[in-house]
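# Breakdown of the fold
Spelled out, the chains give:
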Amino acid sequence: MSARGGKKKMTKMSRSSRAGVIFPVGRMMRYLKKGTYKYRIGVGAPVYMAAVIEYLAAEILELAGNAARDNKKGRIAPRHILLAVANDEELNQLLKGVTIASGGVLPRIHPELLAKKRGVKSKSDTILSPSPEKRGRKSLGGIKKSAKKAKASKARTPKKNKQKDSEKEGASNSATDDGPGDGFTILSSKSLVPGQKLSLTQSDISHIGSMKVEGIVHPTTGEIDLKEEVGKALEKAGGKEFLETVKELRKSQGPLEVTEAALSQSTGLAAKFVIHCHIPQWGSDKCEEQLEESIKNCLTAAEDKKLKSVAFPPLPSGRNCFPKQTAAQVTLKAISSHFDDSSPSSLKSIYFLLFDSESIGIYVQEMAKLDAK
């Protein structure tokens with residue numbers, strides 16, 4: 001056939017270009033035939049598989065690029081891919097059992113490794129309490145003294161007792177400032193301008209009842225139920241006595257409005273009070289502003305009782321469905337703005353009690369952003 005009368009030559013198009021994807025469709029088909037030779041493979045199967053893998057790769061690269069930019073790096077490293085996967089709830093669930101080579105690990109320190117640091121703070125107790133040898137010398141010297149000096153020392157004993165009482169109070173205050181107690185690991189901390197200290201604390205949820213703080217925040221609904229993980233852990237640690245105090249609070253307080261906070265005695269727990277707060281639903285009108293207001297109401301309720309330390313557990317991820325990244329951003333913003341706007345507060349230590357590696361990675365990242373600001 002002549003060139004004039006012949007058909008025009010058609011440029012060959014790959015299956016990927018016809019499907020509109022970048023990943024190779026033909027190679028996916030070859031892998032599917034090789035691995036699943038017992039089954040029939042439809043024409044659209046490799047196209048769908050290539051599209052899904054391409055979407056996952058683009059999503060991970062975008063989040064890893066953001067992590068590299070936050071760390072002021074111009075190149076994506078395996079560490080940034082690990083942080084990107086850990087900080088995204090869906091990707092972390094999908095790639096839960098995947099190990100990224102040279103990605104490192106998420107920050108987590110075993111409590112036993114921090115025992116030496118806690119032991120250093122106990123020097124104040126040894127200074128305050130005199131040794132038995134010195135006590136014996138004082139007693140021998142007192143016997144040799146005359147009656148007049150004995151009378152004078154008796155007259156001065158009330159002042160010494162007052163000094164000893166003040167020293168005991170100082171020792172007890174220093175003990176409360178040591179930390180949340182055994183089984184809790186302080187990962188990082190940040191000091192605010194008025195004197196408050198924010199600390200990221202990692203532990204198991206079953207230890208929440210033994211945390212040595214004066215107030216624990218319980219995110220709940222308007223009915224103050226104990227159906228979420230934090231509520232169940234508090235009920236298990238406090239027992240029937242704690243459940244009775246919650247029932248009395250329901251009768252006296254009634255249903256809580258959105259963002260409202262109410263205190264109850266924490267019978268059976270190491271803390272003094274439990275601050276029950278009605279958390280808004282994610283997706284509702286102005287839910288982020290309401291969450292910020294609820295955090296501030298918890299802080300105000302703690303300040304009304306002159307509390308010095310408060311612990312914030314993570315928000316429930318089931319019913320309220322607040323994304324962990326958004327919840328961390330709003331919580332940190334609310335706390336920093338509360339102390340910037342308010343008058344001198346009784347609160348000195350604020351703990352974020354975290355239970356899983358995903359929440360730890362998110363809060364470490366958001367705390368770093370606060371330090372950058």
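The next subject is the overall build of the protein chain. Of regular secondary structure, the protein chain possesses 13 helices and 7 strands. The buried share of the protein chain, reckoned over its 373 residues, is 36%. Put simply, of all contacts in the protein chain between residues at least 6 apart along the chain, 66% involve residues at least 24 apart. Working note: accessible area of the protein chain is about 23,800 Å², and carbon and sulfur atoms make up 54% of it.

Another aspect to go through is the sheet that holds strand 1 (residues 185–191). If you walk across this open sheet you meet the 7 strands as 1-2-7-6-3-5-4, and the pairing is mixed. The sheet is open, and its two edges are formed by strand 1 and strand 4 (261–265), each paired on a single side. Neighbour to neighbour, the strand axes of the sheet diverge by 25 degrees on average, direction disregarded. In this structure, strand 3 (residues 215–220) lies alongside strand 6 (residues 309–312), joined through 2 bridges in parallel fashion. Bridge pairing in strand 6 places Ile 216 opposite Ala 311. The strands touched by helix 10 (residues 229–253) are strand 3, strand 4 and strand 5 (273–278); relative to strand 4, the strand with the most contacts, the crossing angle is about 110 degrees.

Let's shift gears to the nonpolar core. Counting residues in each nonpolar core, the largest one holds 36 residues, and the members touching the most others are Leu 198, Phe 312, Ile 335 and Phe 352. Counting only elements with at least two residues in this core, the list comes to strand 2 (197–202), strand 5, helix 11 (287–304), strand 6, helix 12 (324–341), strand 7 (349–354) and helix 13 (357–372). By residue number, the principal contributor to this core is helix 12, which donates 7 residues. Not counting the four nearest positions on each side in its chain, Phe 352 is found in contact with Leu 198, Ser 199, Leu 200, Thr 201, Phe 312, Thr 331, Leu 332, Ile 335 and Tyr 363. Judged by nonpolar contacts, the second largest core, of 21 residues, contains Val 246, Leu 249, Ala 311 and Leu 353.

The subject of this paragraph is the pattern of salt bridges. Enumeration over the complete set of coordinates arrives at 4 salt bridges. With a closest N to O distance of 3.7 Å, Glu 292 and Lys 296 form a salt bridge. Taken as a pair, Glu 292 and Lys 296 lie in helix 11 at a separation of 4 residues, close to a single helical turn. A salt bridge links Lys 324 to Asp 356, with the shortest nitrogen-to-oxygen separation between them at 2.8 Å. Linking Lys 324 in helix 12 with Asp 356 in the loop between strand 7 and helix 13, this pair joins segments that are 32 residues apart in sequence. A relative accessible area of 26% places Asp 356 in the partly exposed class.

Moving on: the pairing of strand 3. The buried count for strand 3 comes to 6 of 6 residues, which makes it a mostly enclosed element. Of the two faces of strand 3, the one lined by Gly 215, Val 217 and Pro 219 and the one lined by Ile 216, His 218 and Thr 220 are each fully buried. Inspection of the sheet shows strand 3 paired to strand 5 by 6 bridges, in the parallel sense. The residue of strand 5 that forms the bridge with Gly 215 is Phe 273.

What follows concerns the packing of aromatic side chains. One pass over the full model with this rule turns up 2 aromatic pairs. Between Phe 312 and Phe 352, the aromatic rings sit 6.4 Å apart at their centres with planes inclined by 40 degrees, giving tilted as the arrangement. Highlighted residues: Phe 312 in strand 6 and Phe 352 in strand 7, separated in sequence by 40 residues. When its relative accessible area of 4% is taken as the criterion, Phe 312 is described as buried. Aromatic side chains Phe 352 and Tyr 363 sit 5.3 Å apart centroid to centroid with 35 degrees between the ring planes, which places their arrangement in the tilted category. Taken together, the residues span a long stretch of sequence, with Phe 352 in strand 7 and Tyr 363 in helix 13 at a distance of 11 residues. For Phe 352, a relative accessible area of 1% corresponds to the buried category. For Tyr 363, a relative accessible area of 8% corresponds to the buried category. Here the aromatic cluster, defined as three or more aromatic residues joined through ring pairs, consists of Phe 312, Phe 352 and Tyr 363.

Rules and cut-offs
- Residues numbered from 1 in each chain as written.
- Predicted model: local features only at pLDDT ≥ 70, side-chain atom pairs only at ≥ 80, totals over all residues.
- Heavy atoms only, no water.
- Helix = DSSP H or I, 4+ residues; strand = E, 2+ residues; numbered from the N terminus.
- Buried < 20%, exposed > 50% of the residue type's maximum accessible area, 1.4 Å probe, protein only.
- Contact = heavy atoms within 4.5 Å.
- Areas by Shrake-Rupley, 256 points an atom, 1.4 Å probe, with all protein chains shown as cover.
- Pairing = 2+ DSSP bridges.
- Axes fitted to C-alpha atoms, helices over the stretch in contact; angles between N-to-C directions.
- Core = buried A, V, L, I, M, F, W, Y, C linked by side-chain atoms within 4.5 Å.
- Salt bridge = Lys/Arg side-chain N within 4 Å of Asp/Glu carboxyl O.
- Phe/Tyr/Trp six-rings, centres within 6.5 Å; stacked < 30°, edge-to-face > 60°.

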